[in-house]
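Each chain, written out:
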Amino acid sequence: GEQVEQLPSILRVQERSSASINCTYENSASNYFPWYKQEPGENPKLIIDIRSNMERKQIQGLIVLLDKKAKRFSLHITDTQPADSAMYFCAADTNTGKLTFGDGTVLTVKP
Amino acid sequence: EAAVTQSPRNKVAVTGGKVTLSCNQTNNHNNMYWYRQDTGHGLRLIHYSYGAGSTEKGDIPDGYKASRPSQENFSLILELATPSQTSVYFCASGGQANTEVFFGKGTRLTVV
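This text gives an overview of the structure that appears in the document.

Calculation notes
- Residues numbered from 1 in each chain as written.
- Chains lettered and ligands numbered in written order.
- Predicted model: local features only at pLDDT ≥ 70, side-chain atom pairs only at ≥ 80, totals over all residues.
- Heavy atoms only, no water.
- Helix = DSSP H or I, 4+ residues; strand = E, 2+ residues; numbered from the N terminus.
- Rg over C-alpha atoms; globule rule 2.2 N^0.38 Å.
- Buried < 20%, exposed > 50% of the residue type's maximum accessible area, 1.4 Å probe, protein only.
- Contact = heavy atoms within 4.5 Å.
- Areas by Shrake-Rupley, 256 points an atom, 1.4 Å probe, with all protein chains shown as cover.
- Lys, Arg positive; Asp, Glu negative; His and termini not counted.
- Charge placed at Lys NZ, Arg CZ, Asp CG, Glu CD.
- Disulfide = S-S within 2.5 Å.
- Phe/Tyr/Trp six-rings, centres within 6.5 Å; stacked < 30°, edge-to-face > 60°.

Before going further, it helps to examine the overall build of chain B. Helix and strand counts for chain B come out as 0 helices and 11 strands. For chain B, the succession of helices and strands along the chain, N to C, is β-β-β-β-β-β-β-β-β-β-β. Computed over its C-alpha atoms, the radius of gyration of chain B comes to 13 Å, within 12% of the 13 Å expected for a compact globule of 112 residues. The dimensions of chain B, computed from C-alpha atoms along their principal axes, are 40 × 30 × 25 Å. Here chain B holds 112 residues, and 51% of them are scored as buried. Here the contacts in chain B between residues at least 6 apart in sequence split such that 53% fall between residues at least 24 apart. Split by element, the accessible area of chain B, about 5,100 Å² in all, is 49% carbon and sulfur. In chain B, the 10 positive side-chain charges and the 8 negative ones have mean positions that sit 8 Å from each other.

What follows is the structure, encoded as structure tokens:
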């Protein structure tokens, strides 16, 4: 199986600053690492993902980093806006189609 | 966009009663999943399926059964509901491994 630890559980940042969320995994066979954003009362939606053949991926203001040796991956949101306030989940897949999620981070961006 | 539809969206059940949560996807995805979401625990996998007729146990299967009668439909069954099963349940579908998984809007289940 797989275990994913996600920190911090709560994150508050000032508007236009950066926010970082970190995840670690246990199974070295994990090779796919998506990040999901969940607005209150809504379903989780994929915002960015990275596969094990990459170390860095950026989509606009979202950056994900993957360190396979340390079994660690992270999400960095640059130039945060109040609209970025939400729950964020990291996840890992060992090429089975079965995602294991972290416990989530509640991000609040203060105006 | 990929469509995953759950029904009902809200359900109140009595302890000891049977509850069936239904999920339909029109994405022609092979893989379907049932997760529950509780404060402090994120999304935990209950059962999943790789195709019609198949079901697999996830990380927390106790007290739940699943049924995949067709490519499109995947049900979660609570034979004897307990208050500890009060939660928000999400169904999801996905294609091959290492590709995006699409979630339904969720079912809020309260067992009294």
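Back to the text.
Residues and elements named next belong to chain A. Summed over all chains, the structure comprises 2 disulfides over all chains. Between C23 and C90 runs a disulfide, and the two sulfur atoms are separated by 2.0 Å. On the sign convention where negative is left-handed, the bridge of C23 and C90, at about -100° about the S-S bond, is left-handed. Of this pair, C23 sits in strand β3 (residues 19-25) while C90 sits in strand β9 (residues 86-93), and the two are 67 residues apart along the sequence. The exposure class of C90 is buried, given its relative accessible area of 0%.

Another aspect to go through is the packing of aromatic side chains. Applying the stated criterion across every chain yields a total of 15 aromatic pairs over all chains. Between the aromatic rings of F101 of chain A and Y35 of chain B, the centroid separation amounts to 5.3 Å while the plane-to-plane angle is 85°, which identifies the pairing as edge-to-face. Taken together, the residues span two chains, with F101 of chain A in strand β10 (residues 99-101) and Y35 of chain B in strand β4 (residues 31-38). In this structure F101 of chain A comes out as buried when scored by relative accessible area, which is 5%. Following the ring pairs from residue to residue traces out a cluster consisting of Y36, F89 and F101 of chain A together with Y33, Y35, Y48, Y50, F90 and F103 of chain B.

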